[in-house]
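Residue-level structure breakdown
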Amino acid sequence: MELADIINPNNLVYEKPKLLTENTMHYCPGCSHGVIHRLLAEVIEDMGIQDKTIGVSPVGCAVFAYNYLEIDWQEAAHGRAPAVATGISRTNPNKVVFTYQGDGDLASIGTAEIMHACNRGENMVVIFVNNGIYGMTGGQMAPTTLLGQVTATTPNGRDAGRNGYPLRITELIAQLPGTSYVTRQSVHTPATIRKCKKAIAKAFQAAIDKKGTSFVEVVSTCNMNWKMTPVKANEWMVENMFPFYVPGDLKDSSKNDPESYTPLKN
Amino acid sequence: MGELRLMKGNEVIAEAAIRCGCDGYFGYPITPQSEVMETLMDREPWNETGMVVLQAESEIASIHMVHGAAGSGKKVLTSSSSPGISLMAEGISYLAGAELPCLIVNVQRGGPGLGTIQPSQADYWQSTKGGGHGDYRLIVLAPSSVQEMNDFVELGFQLAFKYRNPAMILTDGVIGQMMEKVVLADYIPRLTDEEINEKYGSWVTNGRKHNRQRNIITSLEMDSVRMENNNLRLQKKYARMEEEDVLFEEILCEDAEYLLVAFGSSARICQKAVDQAREKGIKVGLLRPITLFPFPQKPIAKLAKQVKGMLVVEMNAGQMVEDVKLAAGCAIPVVHFGRMGGIIPSPGEVVEALEQKLIGG
C-alpha cells in the first residue's frame, strides 16, 4: 500500500478538536497537561457548550491553559481558582465554569478555597492535576509528594517527621456533601485516556445539571522534575503513585446517595 | 426626590448597592462593618433584583469571588475592615493588574495587627499607595456622612467602570456606625447579559459568543517589554484619573489665612473646629479631599499661595500629610495633628493644635 493511500481524508478517524488553538504548547515533552487539555477540548466540543463555558486557570505550569482552548478564561491567583470560579458561577448561573489546578495550587495554598467551594456545592467542575511535585517553580515538595520522594526541597526524600505526610485531598473532597462526582483518573495509556475523557464528560454534565461540584483528579507525571524519561515516569507513577492515589471513582451521586461516601481501600 | 430614611452608614451601603443594580456582594464579617452583609442577608435582594449575596470563607476568598464576577462584567461589591483589607491585598493587586472594575468598602479600625474595633484612618497609605504588590492605584473615595456613604456606592461603580479599575470607599467606624438621615436613590435595574455584552463585550468572560473572539482575563505577562507596556498603560490611566476625576470640598477658604486639611470623619470634626477658631478670630478654612486618589493636588497648591500654614488632621500618625506637603511645596509650614488607636480628636483639640503648631509656632 502506498503512503498516499494511507494518509487519505477517507481514512481519518481522529482529528484535532476545533477548540484547541494552533498555539504550540509550552509543556515539557512527556507532560500530561497536553493530553488533559485535549480531553477538555473534546468534551466541551462534544457537548456543544463552548459558548457558555468559562475556564479558570491556576498559578503553576497550567497558568497558560488559556492559550490553548478557544473559550473564555480567567487566570486566578495561586490557589484562588475555586473562589474566582464561585464568583463567575454565582453571578452567571446559566454558564458552565471549571477550574484547572495543579496539586501545589489546589492542595497547598488553595486548600481553604477548594474545601469551601466544594462544601458549598458550587456548580462547577474541578480538574485537579496531581503530579506530586511543584512543576513550575522547579520541582519542590508538594503536599502530595510521596514519603521518600526526592524533590528540590526534600533532597534526601520526604520524611514524615520533618515534612509531614502526603495529602490525599481527593479523599477529603469526596466526604463533602456539596460534591456530586469525585473521581481519580490518569492519562498514561490509551485506555486510561478514554476513561478519563468519560469522567470529564460526566463531571461537566453534573455541573450543567446543577448537582454541585464535580472533581476529577488526574494522577500525572512530571518527568522533567522527577528526572526521568516520559516512559520511565509513567512506570514510576503506576508503581509508586497508584498504590497511594488509587485510581477510580470515589463518589458518584448519580449512582448513590451523595451522603453515602465510602472511602477507598488500599 | 428619593426616599428619606434614618440609617446607619453600614446599612446604607447595602441599601445603595441593591438600588444601584449591583449584581453581587461577596464578603466576610468583621467589626465595625458587619452590618453591610447582615443588612443584605436580611433584605434578601436575590428575590427582588436577583443580586447574589454570599458569605465567603475568608476575605481572601471573597475578593477573588469579586474577581470572578467582575471579570464577567458584573457590578460587584465587597466590604471589610482594616485587617480584612490586608488579607484582600493580594486580590486587589490582581484586580488592578487585570483591570477589572469593582467596589471595595473599607470601614477602618485601629491597627496595626488585630488592633481595635474603634475608628481610625490609618489605612490611608495602604489604600492610596498600593497595599498589594506592584505599581497600581485604586480610585479612593472618602465619605464624611451617611448620605455620602449612599452616594459614593453608585459613584464608585461609575468610576470603576469608566476606568476598568477597582474603586474603594475608604471610611471608618464612625461613619459606618453612626445614624443620619439619608435620601436614598431610585432603583436602577441590573444590566442584562445582552446589555453587558453590548457594553463590555470586548473584555468580559461570560461565555464566548459567535460574534466575538474568546476573552482572556489575566494579569500575567512573561514578556518584559509587553509587561512594561502594560504598566505604562496603567500609569496613563491613573494620570487620566488625576486630570478628570479629582473631587474635593472647600469650606470657608476664600479669606482663609490658615487651612485645615482632613478627610472623612476627621473633616466633620474640622468643620466644627473651623467654627470655633473663627469665633476666636482666626481665619481658618477647610479643604476636604473627597477622592484620596486621585489626590486634589492642584487646589492645595493654589491655597498654599494664599495661607500662612496648613494643619493636616487625621486619625493616624501622619499619612495624608505627606501628600499635602508634596502638593503645598516648601514655602509654608505643613504640620500634622492626629490621634491613634481609635481615639477621635475633639474640635477643641484641633483648634489648640492649630494655635500651638502653626499660629504660635
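Bear in mind the structure is a predicted one, so any value in this text is a computation, not a measurement. (Residues numbered from 1 in each chain as written. Chains lettered and ligands numbered in written order. Predicted model: local features only at pLDDT ≥ 70, side-chain atom pairs only at ≥ 80, totals over all residues. Heavy atoms only, no water.)

Moving on to the packing of aromatic side chains. Two aromatic rings, taken as a pair, are described by how far apart their centres are and by the angle between their planes. Residues and elements named next belong to chain A. Under the defined criterion, the tally for this structure stands at eleven aromatic pairs over all chains. Plain terms: the ring middles of Phe64 and Tyr66 are 6.1 Å apart, the flat faces sit at 80 degrees to each other, and that makes the pair edge-to-face. Judged on exposure class, the residue Phe64 and its partner Tyr66 are both buried. When the centroid spacing of 4.9 Å and the interplanar angle of 90 degrees are considered together, the rings of Phe244 and Tyr245 count as edge-to-face. Relative accessible area serves as the criterion here: at 1%, Tyr245 is assigned to the buried category. Cluster of aromatic residues (ring-pair linked, three or more members): Trp73, Phe98 and Phe204. Its end group placed over the ring of Phe244, Arg168 keeps NZ or CZ at 3.9 Å from the ring centre. One Lys or Arg, Lys202, reaches over the ring of Tyr181 and ends 5.0 Å from the middle of that ring. (Phe/Tyr/Trp six-rings, centres within 6.5 Å; stacked < 30°, edge-to-face > 60°. Buried < 20%, exposed > 50% of the residue type's maximum accessible area, 1.4 Å probe, protein only. Lys NZ or Arg CZ within 6 Å of the ring centre and 35° of its normal.)

Turning our attention to the pattern of salt bridges. Residue and element names in this part refer to chain B. For the structure shown, the criterion picks out 40 salt bridges over all chains. Its salt-bridge partner being Glu99, residue Arg233 comes within 2.4 Å of it at the nearest N-O pair. Highlighted residues: Arg233 in helix α10 (residues 224-244) and Glu99 in the loop between α5 (82-97) and β5 (102-108), separated in sequence by 134 residues. Arg233 gets classed as partly exposed once you look at its relative accessible area, which sits at 42%. Among the ionic contacts, a cluster of salt bridges with common partners joins Glu3, Arg5, Glu15, Arg19, Arg43 and Glu48. (Salt bridge = Lys/Arg side-chain N within 4 Å of Asp/Glu carboxyl O. Helix = DSSP H or I, 4+ residues; strand = E, 2+ residues; numbered from the N terminus.)

Residue and element names in this part refer to chain B. Along the polypeptide, Asn316 turns up in the loop between β14 (309-314) and α13 (320-328). With a relative accessible area of 1%, Asn316 lands in the buried category. Beyond its immediate stretch of four places on either side in the chain, Asn316 contacts Gln121, Ala122, Tyr124, His336, Gly338, Arg339 and Met340. (Contact = heavy atoms within 4.5 Å.)

A separate point is the layout of surface pockets. All names here are of chain B. Considered as a void within the structure, the largest pocket measures approximately 720 Å³ in volume. Lining of the largest pocket is provided by 33 residues; of these, Gly97, Thr218, Ser219, Leu220 and Met227 occupy positions nearest its centre. Tallying contributions element by element places α10 first for the lining of the largest pocket, with six residues. (1 Å grid on protein atoms, 1.4 Å probe; cavity = no way out; pocket = protein on both sides within 12 Å on 5 of 7 lines; lining within 4 Å. Points joined across faces, edges and corners; volume = space filled by probe spheres on them.)

Right, let's get into α10(B). For an α-helix the count is 3.6 residues per turn, leaving residues at separations of three or four pointing the same way. All names here are of chain B. In this model α10 runs 30 Å from its N-terminal to its C-terminal C-alpha over 21 residues, within 8% of the 30 Å that 1.5 Å per residue would give. The complete set of buried residues in α10 reads Leu234, Lys237, Tyr238 and Met241. Projection of α10 onto a plane perpendicular to its axis shows the buried side chains occupying an angular sector of 95 degrees, all on one side. Those residues of α10 that are exposed and angled more than 90 degrees off the buried face are Ser224, Val225, Glu228, Lys236 and Glu243. In the core, the buried residues of α10 are packed alongside α5, β6 (139-141), α7 (146-163) and β13 (291-293). Near the N-terminus of α10, the side chain that reaches the backbone nitrogen of Val225, with its oxygen 3.0 Å away, is that of Asp223. (Expected span 1.5 Å × (residues − 1). Arc of directions from axis to C-beta. Polar contact = N/O pair within 3.5 Å; in protein donor to acceptor, adjacent residues only side chain to side chain.)

As a further point, take the sheet that holds strand β7 (residues 179-186) of chain A. Taking strand neighbours across the sheet as the criterion, the eight strands line up as β9(A)-β7(A)-β8(A)-β4(A)-β3(A)-β1(A)-β2(A)-β9(B) in an open arrangement whose pairing is mixed. Every interior strand has two partners, whereas the edge strands, β9 (248-252) of chain A together with β9 (216-217) of chain B, have only one. Bridge count for strand β1 (residues 53-57) of chain A against strand β3 (residues 96-102) of chain A is four bridges, and the pairing is parallel. When the bridges of β3(A) are listed, A:Gly55 appears paired with A:Phe98. (Pairing = 2+ DSSP bridges.)

This paragraph deals with the nonpolar core. All names here are of chain B. The biggest cluster of nonpolar side chains holds 96 residues, and the ones touching the most others in it are Val261, Ile300, Met310, Met320 and Val324. The dominant element in this core, judged by the number of residues it contributes, is α7, at nine residues. Two domains each donate at least three residues to this core, and these are domain 1 (4-183) and domain 2 (248-359). (Core = buried A, V, L, I, M, F, W, Y, C linked by side-chain atoms within 4.5 Å. Domains from an automatic or database assignment.)

Let us look at the confidence of the model for chain A. Do not read the predicted coordinates in detail wherever pLDDT is low. Within chain A, residue pLDDT values average 94, and 96% of them lie at 70 or more. Contacts of residues 260-266 of chain A to residues separated by more than four positions or lying in other chains number 14 contacts, the stretch itself having pLDDT below 50. (pLDDT = per-residue confidence, 0-100.)

A few words on the pairing of strand β15 (residues 334-338) of chain B. All names here are of chain B. Pairing between β14 and β15: five bridges, direction parallel. Residue Glu314 lies in a different strand from β15, and its bridge partner there is Gly338. Crossover β14 to β15 through α13 is right-handed. (Right-handed = clockwise from strand over helix to strand, strands pointing away.)

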